Amino acid sequence: MEVADLIGGLRQEGELMAKAAAAVEPDAPIPTCPEWVMRDLVLHAGQVHRWATLHVVELLTERAEASAVVGPAPGDDRIVDWFREGHQTLVEALESAEPDLECWSFLAAPSPLAFWARRQCHETGIHRADAESASGPISAFPAAIAADGVDELLCGFVTRPGGRLESDVPRALLVQTADTGDEWLVRISDTVETERSGGAADCMLRGSASDVHLLLWNRSDTSAVDVKGDASLLDLWRDSVTIRWR
């Protein structure tokens, strides 16, 4: 996706998250993240936005520690406005950044700017889904955004060294997004390799890009998607795939 489209996605997802957060009390439980209430979720997302902005604005070439952006926690009466402020500052920082921006990043991308726009779009989108889960159904992602989020997860995150997703016996998961026509073949052994293509697999997962995106981020079950083959591979996925924010 183009950087401008990802920044647009980030803007929209942040606005939706703020709306969902404002609709419930700060102590409202988050069903998709059972260890959190809304206050925890909003504080986390607001800190991530400020952390990302720091790298882009200050042109940091090494990773900043989380402590660099952790200041006094806002009170409950200010927490959603505080989130909105940090989100808007990040959007503006990305919109005004030079295309040849040089700063630290941690996944392969055409440029650091492309990395940060993509990462923060999807980070914010998943947490928007978390926020919406506190009061009702999760709204669907735009298909192109969701498919790009699946691609980032399958080609970027799960293939990184040191992850928990592994199998003593080589196995393969085929992921297909019916509305965008994309497919990925994830080969799992003591390492993980992903191809942007089809192929023979032990388990096939197919659904809309939005439903697949939510499922692979462990925010939903398999009720909205089609699963064929060895569904225990999805149990392995759910137990193994956790993404830290940095």
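Please refer to the structure placed before this passage.
Anyway, here's the lowdown on the structure attached to this text. (Residues numbered from 1 in each chain as written. Predicted model: local features only at pLDDT ≥ 70, side-chain atom pairs only at ≥ 80, totals over all residues. Heavy atoms only, no water.)

### Details of the pattern of salt bridges
- A complete count under the given rule lists 16 salt bridges for this structure.
- Salt-bridge contacts for Arg11 lead to Glu95; the nearest nitrogen and oxygen are separated by 2.8 Å. With Arg11 in helix α1 (residues 3-22) and Glu95 in helix α3 (residues 79-96), the pair connects residues that are 84 residues apart, well separated along the chain.
- Measuring nitrogen to oxygen at the nearest pair gives 2.7 Å for the salt bridge that ties Asp27 to Arg39. Of this pair, Asp27 sits in the loop between α1 and α2 (38-58) while Arg39 sits in helix α2, placing them twelve residues apart in sequence.
- Through salt bridges with shared partners, a single ionic network connects Arg118, Asp148, Asp151 and Arg196. (Salt bridge = Lys/Arg side-chain N within 4 Å of Asp/Glu carboxyl O. Helix = DSSP H or I, 4+ residues; strand = E, 2+ residues; numbered from the N terminus.)

### Things to note about the pairing of strand β3 (residues 192-195)
- Here β3 shows one buried face, formed by Val192 and Thr194, and one open face, formed by Glu193 and Glu195.
- Where strand β2 (residues 182-188) folds back onto β3 in an antiparallel hairpin, the turn is made up of three residues. (Buried < 20%, exposed > 50% of the residue type's maximum accessible area, 1.4 Å probe, protein only. Pairing = 2+ DSSP bridges.)

### Let's talk about the packing of helix α4 (residues 112-133) against helix α5 (residues 143-157)
- It is at 10 Å that the axes of α4 and α5 come closest, and there the two elements cross at 110°. In terms of axis orientation, α4 runs roughly perpendicular to α5. Facing α4, whose interface residues are Arg118, Arg119, Cys121 and His122, α5 presents Ile145, Asp148, Gly149, Asp151, Glu152 and Phe157.
- The residue inventory of the contact of α4 with α5, partitioned by class, reads three nonpolar, two polar and five charged. (Axes fitted to C-alpha atoms, helices over the stretch in contact; angles between N-to-C directions. Parallel < 35°, antiparallel > 145°, perpendicular 65-115°, else oblique. Contact = heavy atoms within 4.5 Å. Nonpolar A, V, L, I, M, F, W, Y, C, P; charged D, E, K, R; others polar.)

### Overview of the environment of Asp211
- Of note, Asp211 is situated in helix α6 (residues 209-216).
- For Asp211, a relative accessible area of 26% translates into the label partly exposed.
- Considering only alpha carbons, one finds Asp211 and Ala140, 71 residues apart in sequence, at a separation of 7.6 Å.
- In contact with Asp211, other than residues within four places in its own chain, are Ser220, Ala224 and Val225.
- A polar side-chain atom of Asp211 sits 3.1 Å from a polar atom in the side chain of Ser208. (Polar contact = N/O pair within 3.5 Å; in protein donor to acceptor, adjacent residues only side chain to side chain.)

### Focus on α5
- For α5, spanning 15 residues, the distance from its first C-alpha to its last is 20 Å, which sits close to the expected 21 Å at 1.5 Å a residue.
- The buried fraction of α5 is high, at twelve of 15 residues.
- Buried residues of α5: Ile145, Ala146, Ala147, Asp148, Gly149, Val150, Asp151, Glu152, Leu153, Leu154, Gly156 and Phe157, and no others. (Expected span 1.5 Å × (residues − 1).)

### Describing the packing of aromatic side chains
- All told, the structure shown has eight aromatic pairs when counted by the stated rule.
- With a centroid separation of 6.2 Å and 50° between ring planes, the pair formed by Trp104 and Trp116 is classed as tilted. Of this pair, Trp104 sits in the loop between α3 and α4 while Trp116 is found in helix α4, placing the two residues twelve residues apart along the sequence.
- Ring geometry for Phe106 and Phe115: centres 4.8 Å apart, planes at 70°, overall edge-to-face.
- Under the relative-accessibility criterion, Phe115 is labelled buried at 2%.
- Site record: aromatic cluster; members linked through ring pairs are Trp51, Trp104, Phe106, Phe115, Trp116, Phe157 and Trp217.
- Taking the ring centre of Trp82 as reference, the NZ or CZ of Arg50 above it sits at 3.9 Å. (Phe/Tyr/Trp six-rings, centres within 6.5 Å; stacked < 30°, edge-to-face > 60°. Lys NZ or Arg CZ within 6 Å of the ring centre and 35° of its normal.)

### Structural notes on the packing of α1 against α3
- Contact pair α1 / α3: the axes reach a minimum separation of 10 Å and the direction vectors enclose 180°. Considering their axes alone, α1 and α3 lie roughly antiparallel with respect to each other. Along the contact surface, α1 presents Ile7, Leu10, Arg11, Gly14, Glu15, Met17, Ala18, Lys19, Ala21 and Ala22, while α3 presents Val80, Phe83, Arg84, His87, Gln88, Leu90, Val91, Leu94 and Glu95.

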